[in-house]
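Structure at a glance
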Protein chains: 6
Amino acid sequence: MIDFLVVGAHPDDESVVTGLLLKAKKEGKKTGLICFTKGEAGGFATKEDRVRELKNAAELLELDYFKHLDHPDAGVEYGIEAVEELVPLLREASPQVVLTIHPDDYHPDHVAVSKTVDRAVFVAGLKKHSSDDKTWHPKQVLYFSLDPRTNSQRPDMIIDISDVYEKKLEVVGCHQSQGIAQFVELSAKQMGMLGGFEYGEGLYIRQPFRLSDINALLSQNKIGR
Amino acid sequence: MIDFLVVGAHPDDESVVTGLLLKAKKEGKKTGLICFTKGEAGGFATKEDRVRELKNAAELLELDYFKHLDHPDAGVEYGIEAVEELVPLLREASPQVVLTIHPDDYHPDHVAVSKTVDRAVFVAGLKKHSSDDKTWHPKQVLYFSLDPRTNSQRPDMIIDISDVYEKKLEVVGCHQSQGIAQFVELSAKQMGMLGGFEYGEGLYIRQPFRLSDINALLSQNKIGR
Amino acid sequence: MIDFLVVGAHPDDESVVTGLLLKAKKEGKKTGLICFTKGEAGGFATKEDRVRELKNAAELLELDYFKHLDHPDAGVEYGIEAVEELVPLLREASPQVVLTIHPDDYHPDHVAVSKTVDRAVFVAGLKKHSSDDKTWHPKQVLYFSLDPRTNSQRPDMIIDISDVYEKKLEVVGCHQSQGIAQFVELSAKQMGMLGGFEYGEGLYIRQPFRLSDINALLSQNKIGR
Amino acid sequence: MIDFLVVGAHPDDESVVTGLLLKAKKEGKKTGLICFTKGEAGGFATKEDRVRELKNAAELLELDYFKHLDHPDAGVEYGIEAVEELVPLLREASPQVVLTIHPDDYHPDHVAVSKTVDRAVFVAGLKKHSSDDKTWHPKQVLYFSLDPRTNSQRPDMIIDISDVYEKKLEVVGCHQSQGIAQFVELSAKQMGMLGGFEYGEGLYIRQPFRLSDINALLSQNKIGR
Amino acid sequence: MIDFLVVGAHPDDESVVTGLLLKAKKEGKKTGLICFTKGEAGGFATKEDRVRELKNAAELLELDYFKHLDHPDAGVEYGIEAVEELVPLLREASPQVVLTIHPDDYHPDHVAVSKTVDRAVFVAGLKKHSSDDKTWHPKQVLYFSLDPRTNSQRPDMIIDISDVYEKKLEVVGCHQSQGIAQFVELSAKQMGMLGGFEYGEGLYIRQPFRLSDINALLSQNKIGR
Amino acid sequence: MIDFLVVGAHPDDESVVTGLLLKAKKEGKKTGLICFTKGEAGGFATKEDRVRELKNAAELLELDYFKHLDHPDAGVEYGIEAVEELVPLLREASPQVVLTIHPDDYHPDHVAVSKTVDRAVFVAGLKKHSSDDKTWHPKQVLYFSLDPRTNSQRPDMIIDISDVYEKKLEVVGCHQSQGIAQFVELSAKQMGMLGGFEYGEGLYIRQPFRLSDINALLSQNKIGR
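This is a predicted model, so every value here is computed, not measured.

Note that Thr116(D) resides in helix α4 (residues 108-124). Setting aside anything within four residues of it in sequence, one finds Thr116(D) in contact with Phe36(D), Tyr78(D), Ala82(D), Val83(D) and Leu86(D).

The following block contains the structure:
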C-alpha cells in the first residue's frame, strides 16, 4: 500500500509537489506517481526525451509505484474510459493520500485529469473493485495548481519543504527540456513566504481536511517576518 | 509559553473546541483560555452562576492559562481599547496556536471578539510589547463557529475528537444553565460525519494552514462509509 | 401536471426531501419522482432489494408520477443520451417545481444527474417537445445535497418539516438495507437548528428564488432560541 | 406588532422595496419604516423638502409604524450609540420580518445602517429589552441593495410586484427632488426579467431563508420566455 | 490577423458585445465572429430566417472574419470534436482578443460553447497547429453573459458604448424575429448605470486582465451621479 | 488635479504600485501619495529614518502631490475622525484614479486605511466639500495587496511594468531599513508570470472596471509561454 500517490497530466507536473514526495521518503513512507501523457505536444522535446526525463526524476524520487500512461498530450478526455483505466491502478496502489491537479487549472488536460481522478477515487472504493471484498477510501484527496491564471484562489495549505529543497532542485532538473527551473524556484519562494517558511509547496483543500494528530498544528513556521 | 490558546466571548463558547483542548493535554501540551464576558445577558442564569460554571470547566480542562474578562455581555465593542487589554495577555501567554471565533458568526459579541483577536495578535507581535525585545508570532491562527446561521461555509478542517468525546461531554456539562448538551452532541456527530470520524470538531482556515510534518496527512479517518 | 418533481440518482436519494414531498401531499398537491439507477453498486443489497425498497417508499409517499430508470450505478454518464431520455419524462410530468441534486455533491452519479437535469429542463421547454406547440418552464428549479463533503456551502433555504417528521421516518425506513436512519435524523435536526424549526430540510437556490405570495415570508420559525 | 419593517438610511431608500410594502398592505398586513437620516447632504433638496417627501410617501404606503431619525446624512456611525437608539424601536415595532440594506452597498451610510440593524436585532431580542420578560426574534432578516456597484452579487430572491407596480410609481414619485424615476423603472424591469415576472424587486438572503408553507414555491412566474 | 473575435452559440448572441465590435471598427481594428448554431430550435423563426438575420448583422458590423457553423441548436456538445472544428478557425483568425460566453450562463449551448472555446484556445496555441512553427496566444480572453439567471455575479468590467449606441440598435435590429430590442436597451442602460456611462456593455474577467497602457485607467465615466 | 493618487498606511506601502506611478510620469501624468503613518512601530528603524526614506522615494517618483500624515503606526483607527482628515486632501488632489490597500490585507492598519479611503472618497464627492459647488468622483478606485496571507484571491488585473522595472528598484531601494528588495523582486516576477509580462504589478477590482478606450484590451503580453 502506497502512502502518497501523485496523479499528474504531463511529465514535470509532479514538480510542484516533489518536495512533499521527498519528505515522505525521508519519513520512511511509500510514494507513487501516475502520469497520464507523455508530453509530446509541447514542442520543446520529443516524446522519448520526456519519457526519459520523467524516468530519471522517478528514480531520484525513489518511487514505490510508477505508471506512465499514454493519453494524447493536449487531448486528454474526461469520461468513463479514462476512469476505467485509472480505477484498477488506484486499487493496486491503494494510497492513503491522493494528490492531483486542481480542476480550475489552465491547461485542458489538467482539468480532465482532475475530474477523472475525483470520479475514479469514488468508483475504485466500491467492494467490487477489491480483491478481498473490501471498500477502500483514501484518508485525504488534496490538489495542487500548476498554472494559477484561471484559478483565482491561493492554496489553502503550505508544506514546509525547506529541508528537501536542494534535493527537489535536483529532481526537477531532470526535466531539462522544459526550462522550468526559474518557475520552480519562484513558486517555492512565493509559497514559502505565504507559509512563513524558507521554501514551500501549496495544496488546496476541497473536502474538509482531516486531522487526528494535533501536534501537526505546531508547525515550524513563523507568521510574519 | 502556552501551546493552544482559545479566545471566546462567553462562558461556554469554548465548548466547540473542548475536544481539541483535551487532546492537547493528553499530548502533554499547555492550554489556555481567555473569555471576554461573564455571560450575564442571556437570561438563563446569573453572572455568578456563569462564572462558576466556566471555572468548573476550566478546572476539568486543567488549563495552564485562564483569564475571565468582564466586557458587557451583548455589548462587546471592537476597538483600540479592547485590543490594548488583550495585547499584554497574548504576550504573557505567547501561544503557539490561537483559536478564536470566525468573524461571520451570528452573535455581535462573536464578531467583535474575532476582530479584536486578529488585530491584537498583530500588535502583540511587535518588539515593543516584549520583555526581551523580540517579536512574537503564533504558528497558526484558526477559527471556530458557534452559530453558522450567518456563516454560509462549512469548516475547512475536522479534528478527530473520538478519543476524548466522553471527557468533552463532562466538561461541557459544567455549563448546566445553558442547556447546550444536545447542540454539542449534534455538532460533534455532524463534524465527525464530515471528517469520517466518530466525533469531530470543525475549524476554519483563513490564513494558509502551515504544515511541517507530513505525517499529519495520514489521519485516522475513512472517507466515505 | 405534477406540482413537485424530485430527480435523484439512487434509491434513497429522495430521503433528504421526503418531508417536502409529504407536505405537498398534505396540501393536496401532486408529487413525482424519477430515479436514475437501481443502486446495485453499493454492496449492501441486491438490485432487486433496492428496487423493492424504493417501490415501498414511493407507495408511502403516494406519488402521482414515478419512473425508475436503469442507468448503471456508479456509472451515470452526463451527455446527450441521458438528456434525451429525460426530456420526454419531464414533458410528461410537466412539474411546476423541479428538485434535484446539487452539482457539487460528492458522488459522481450525483454530479451527472444534476447536470443532466439542468440541461434537460432547458431542452424540454422547447415547443418541439410539446404535444400542443407550447413552451414549458418550471417555476423553480431547486437543489438538495446528499453528501456535503465536497460542497462547502450550507443550504440557502430551510423547509419546516416538523409536522411530517414522523411520517418521513416511516418512508425513509423503507430503505432498510442502507442504514441511513441515523444520518436522516441528524440531518433533520441540524437543518432544523439552522432554520429555527424542530426538524428541517435544506434546499439550495441557484437561480433567483421567485416569490409571488409574500405571506411566505411569515414562516413559523423563531430565529435564535 | 408589525409584520414587515423596513430600515433605511435616507428618504427614498425604501423605494426598492415599496412594492413589497404595498403587497403587504393588500394582504392586510401591518408595515413600518425607520429612516436613519433626513437626507440633507445630497445637494438636490433641503432637509425640509426631503422630510416632507418621505412623509408623503409614508402616507401613500399607509404605514402602521414610522420613525424618521436624525442621524447626519453622509455621517451615520456604526457603534453602540446607534444600536442603543434602534433597540427600543425594534422592540416597540416587534416586526416579524426585518428588511434592511445589504452591507456591501456603496454608500457608507448604507454600510453603517446595515451593521447597526444586524446588531440591534440581536440585542433587542434579549429578555431585558422586553416589557414582559420575553425574548423576541424576527422570522426573517432580509436585505436589499440600492447601489450594486460594490456588491458583485445579484439578489437571491425576486418578489413579483407586477400587481402593485402602478401604485409603486406613485409612491416613489413623492421623492420629486431625487430624480429616481428612471432608476426605479429600470430596476423593476431588470428584477422582473431575472424572476420571470413583469416587474420585480430583489432581496438578498444572508441567513437561511425559512419556509413553512411550501405553496410559496408555486410562484406565478415563468422561467425563460 | 483579427483584433477582436467573438464566439457565440446562436445568431443574436453577439448582441451583447455589438457595441464593442462597432467601437473596434471605429478605431480601425479588424473584427470577427464565429457562431456555432443556426438557431433553428427557438420556434420564433426558420433556420433560413435566422441565417439571413445574422448575415445582415454581420454586414452592418463590417466583420473581417465570419463563420456560421451548423451545430444543432439546443444540442451543442462539448468535446474533442467541437474543439477540433474550432482550432483551425482560431488559428486562421489568430485574434488578439477572444470574447465568448461565460460558462455560468443559463442555456446549455452557452455552457458548451464556453468550454469549447477555452479548450480550443489552448490547443490552437500549440506550434503544430501553425503554418510557421510558431505558438499563438491571444492577449486576453474575456466573457459575456446573455442570461444571468444562473450567474450570480455581475460583470467585472463595463465598456462605454455611448458613442456607438444608435448604430448598435440598428445592428441588433437585424434579428427581427427574436424580439430582443427591449432586452438590449434594458441591458445597455443597466450596464451604463454600473459603469457611470450612458450606455454600457459588461465583460467578465476570468484570467487576470492584462494592461500595458495605463491611460486606459483614465476612462470617461463618472462614478456616482 | 492629480491623475493617479496612492493612499497607503506606511512608508514603503507604495512599493507595490511604484511601477504604475513611474509609468504615469512617463506618460506626462500627475501622481500623488498620501501616507497615513510614519512607520515607527516596526522596530527596524527610527521614525526619522522612515520619514527620510519616504521623502527620498517621493523625490525619485517626482510626485505632484505628497502628504505624510502622522497616525500612530500599528494604531490607525477607522472612524469619522480619520475620514474627516482625509476628505479635504482628496478634494485638494481631486485624483482621477485612487489606488489604496485591499481591505482583506493582513496588517490592521491596512484594513483601517482601506475602509477610511472608501468612505472618504464618497464623502469628499459631496458638493459641500467643493470650492465651486461641484460634486467630484474619481473614475476608478482600485486596490493593491501588500500581504496576501489573509487575502485568498489573486489580483484581477496585471499592469505591465517591464519598461520601468529598473527605475522601480531604485525607488524601492530608498526604504533601506526595511529589507524589502527580495520581496519586491519576487512579487514583480510572480505578477509578471500571471500577466504574461516580464515584470508586473497586481491590482484588485472591487467596483466594475470602467473602460472607454478599447485599445487597452490589446495589451503587450503573451498568454502562456
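A separate point is the interface of chain F and chain A. With 21 residues of chain F at the interface, the matching set in chain A holds 21 residues. Here chain F and chain A share an interface that buries about 1,900 Å² over both sides, 54% of which is from carbon and sulfur atoms. Counting every contact that joins chain F to chain A gives zero salt bridges. Where chain F meets chain A, there are six residue pairs in polar contact (both at pLDDT 80 or more). The class makeup of the residues in the side of chain F that touches chain A is nine nonpolar, eight polar and four charged.

In this assembly, 45 residues from chain B lie in contact with 46 residues from chain A. Between chain B and chain A the total buried area reaches about 4,200 Å² when both faces are included, carbon and sulfur atoms providing 61% of it. In this assembly, chain B and chain A are joined by zero salt bridges. Connecting chain B to chain A are 18 residue pairs in polar contact (both at pLDDT 80 or more). Those elements giving two or more residues to the side of chain B that touches chain A turn out to be α1 (18-26), β5 (140-144), β6 (157-160), α6 (181-195) and β8 (209-211) of chain B. Ranked by the residues each element gives to the side of chain B that touches chain A, the list is headed by β6(B), at four residues. Two strands pair when backbone bridges link them, and strand β6 (residues 157-160) of chain A and β8(B) are joined in this way by three bridges, in the parallel orientation. Considered in β8(B), the bridge of Met157(A) is made with Phe209(B).

This brings us to the pairing of strand β5 (residues 140-144) of chain D. Residue and element names in this part refer to chain D. Judged by how many residues are buried, β5 sits mostly within the fold: five of five residues are covered. Bridge analysis of strand β4 (residues 97-101) against β5 gives five bridges, and the strand direction is parallel. When the bridges of β5 are listed, valine 98 appears paired with valine 141. The handedness of the β4 to β5 crossover, carried by α4, is right-handed.

On to the environment of Val171(E), then. All names here are of chain E. With respect to the element layout, valine 171 can be found in helix α5 (residues 165-172). Judged by its relative accessible area of 1%, valine 171 falls in the buried class. On a C-alpha basis, the gap between valine 171 and threonine 135 in space is 35 Å, while along the polypeptide they are 36 residues apart.

A full pass over the atoms with the stated rule returns 15 aromatic pairs over all chains. Taken together, a centroid distance of 5.7 Å and an interplanar angle of 70° make the contact between Phe122(B) and Tyr106(F) edge-to-face. Of this pair, Phe122(B) sits in helix α4 (residues 108-124) while Tyr106(F) sits in the loop between β4 (97-101) and α4 (108-124), on two different chains. Judged on exposure class, the residue Phe122(B) and its partner Tyr106(F) are both buried. Taken together, a centroid distance of 3.5 Å and an interplanar angle of 10° make the contact between Tyr165(F) and Tyr199(F) stacked. Of this pair, Tyr165(F) sits in helix α5 (residues 165-172) while Tyr199(F) sits in the loop between α6 (181-195) and β7 (200-205), and the two are 34 residues apart along the sequence. As far as the burial class goes, Tyr165(F) and Tyr199(F) line up, both buried.

Here the focus is the relation of the copies chain B and chain A. By a simple turn and slide, chain B fits onto chain A: the slide is 0.0 Å along the axis, the RMSD is 0.0 Å, and the turn is 180°. When the rotation and shift are considered jointly, the pair of chain copies conforms to a two-fold rotation axis. Measuring from the rotation axis to each C-alpha of chain B, the shortest distance belongs to Ala216(B), at 2.8 Å. Here 100% of the interface residues in chain B have copies in chain A that are interface residues too; the copies meet face to matching face.

Residues and elements named next belong to chain A. Inspection of the entire model under this criterion finds 77 salt bridges over all chains. The salt bridge involving lysine 25 is made with aspartate 64; its shortest N-O contact spans 2.8 Å. One end of the pair, lysine 25, is in helix α1 (residues 18-26); the other, aspartate 64, is in the loop between α2 (47-61) and β3 (65-71), with 39 residues separating them in the sequence. Overall, aspartate 64 belongs to the partly exposed group, its relative accessible area being 36%. In this structure, glutamate 185 engages lysine 189 in a salt bridge whose closest nitrogen and oxygen atoms are separated by 3.0 Å. Placement of both glutamate 185 and lysine 189 in helix α6 (residues 181-195) is noted, with a separation of four residues, approximately one turn of the helix.

Conventions we followed
- Residues numbered from 1 in each chain as written.
- Chains lettered and ligands numbered in written order.
- Predicted model: local features only at pLDDT ≥ 70, side-chain atom pairs only at ≥ 80, totals over all residues.
- Heavy atoms only, no water.
- Helix = DSSP H or I, 4+ residues; strand = E, 2+ residues; numbered from the N terminus.
- Contact = heavy atoms within 4.5 Å.
- Buried area = accessible area lost by both parts, 1.4 Å probe.
- Salt bridge = Lys/Arg side-chain N within 4 Å of Asp/Glu carboxyl O.
- Polar contact = N/O pair within 3.5 Å; in protein donor to acceptor, adjacent residues only side chain to side chain.
- Nonpolar A, V, L, I, M, F, W, Y, C, P; charged D, E, K, R; others polar.
- Pairing = 2+ DSSP bridges.
- Buried < 20%, exposed > 50% of the residue type's maximum accessible area, 1.4 Å probe, protein only.
- Right-handed = clockwise from strand over helix to strand, strands pointing away.
- Phe/Tyr/Trp six-rings, centres within 6.5 Å; stacked < 30°, edge-to-face > 60°.
- Least-squares fit on C-alpha atoms with pLDDT ≥ 70 in both.

Coordinates in, geometry out; function isn't part of it.
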